[in-house]
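Geometric and topological summary
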Amino acid sequence: MSSLAPLIGSDPLFYDAPKAPAPLDMPSSLNDPAVAASFAMAARRYDEQLSAYYNQLVAEHAGSSSLWSDLKTAGRVSDWSASAIAAQDNAYKALMKTKNEVQAKQTAARKKATDLINAWNSAHSDQSVDLNYRDDS
């Protein structure tokens, strides 16, 4: 394992990052009922994609960090330099930031989408559009 230390660098060992979903296109305003309904559906779909992505991040982080922890506990990296081990430890800590960023992105997207739909519904009470997320029901 000692020969691997210089090759790994600061990328977390065993970690295979899941693919992030494409961002939601946020219109500046909604101009007809079909566009409003379509946007609501796209916002719900994007929210589901972000939830799935977050859960994949959690699972990948848990699996890869436990493998790293097992290697350290078993003494398999005892011949690595302290800086190489610290780089791996820090890389796994940095993954927490990614998970937090995804949650913040989801919260922000929900707020923007809800604000747009609420504005539409306020202006068009006879053609209101529902926007409910899975964990709201």
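Residues numbered from 1 in each chain as written. Predicted model: local features only at pLDDT ≥ 70, side-chain atom pairs only at ≥ 80, totals over all residues. Heavy atoms only, no water.

**Thoughts on the packing of aromatic side chains**
Under the counting rule described, the total for this entry stands at one aromatic pair. Relative to Trp80, the ring of Trp68 has its centre 5.5 Å away and its plane inclined at 40°; by these criteria the two rings are tilted. Here Trp80 lies in the loop between helix H2 (33-73) and helix H3 (82-123) and Trp68 lies in helix H2, a separation of 12 residues in the sequence. Just as Trp68 is buried, Trp80 falls in that class too. Over the aromatic face of Tyr133 sits the side chain of Arg110, whose NZ or CZ is 4.3 Å from the ring centroid. (Phe/Tyr/Trp six-rings, centres within 6.5 Å; stacked < 30°, edge-to-face > 60°. Helix = DSSP H or I, 4+ residues; strand = E, 2+ residues; numbered from the N terminus. Buried < 20%, exposed > 50% of the residue type's maximum accessible area, 1.4 Å probe, protein only. Lys NZ or Arg CZ within 6 Å of the ring centre and 35° of its normal.)

**Comments concerning unusual backbone geometry**
Positive phi outside glycine occurs at Phe14, with the angle close to 75°. Following the sequence through the fold, Phe14 ends up in the loop between helix H1 (5-8) and H2. Judged by its relative accessible area of 39%, Phe14 falls in the partly exposed class.

**Remarks on H2**
A rise of 1.5 Å per residue sets the reference length of H2, with its 41 residues, at 60 Å; its end C-alpha atoms lie 59 Å apart and thus fit the reference within 8%. Residue Asp32 occupies the N-cap position of H2, its side-chain oxygen lying 3.0 Å from the main-chain nitrogen of Ala34. Once H2 finishes, Gly75 follows within two positions and takes phi at roughly 75°, a positive value. (Expected span 1.5 Å × (residues − 1). Polar contact = N/O pair within 3.5 Å; in protein donor to acceptor, adjacent residues only side chain to side chain.)

**Some remarks on the confidence of the model for the chain**
In this model, the chain carries a mean pLDDT of 91, and residues with pLDDT of at least 70 account for 94%. Taken element by element, the predicted model of the chain shows its lowest mean pLDDT in H1 (66) and its highest in H2 (96). (pLDDT = per-residue confidence, 0-100.)

**Describing the side chain of His61**
Summarising the element assignment, His61 is placed in helix H2. Exposure remark for His61: the relative accessible area of 11% places this residue in the buried category. A distance of 2.9 Å separates the side chain of His61 from the side chain of Lys99, its partner in a polar contact. Discounting chain neighbours no more than four positions away, the residues touching His61 are Tyr15, Tyr92, Leu95, Met96 and Lys99. (Contact = heavy atoms within 4.5 Å.)

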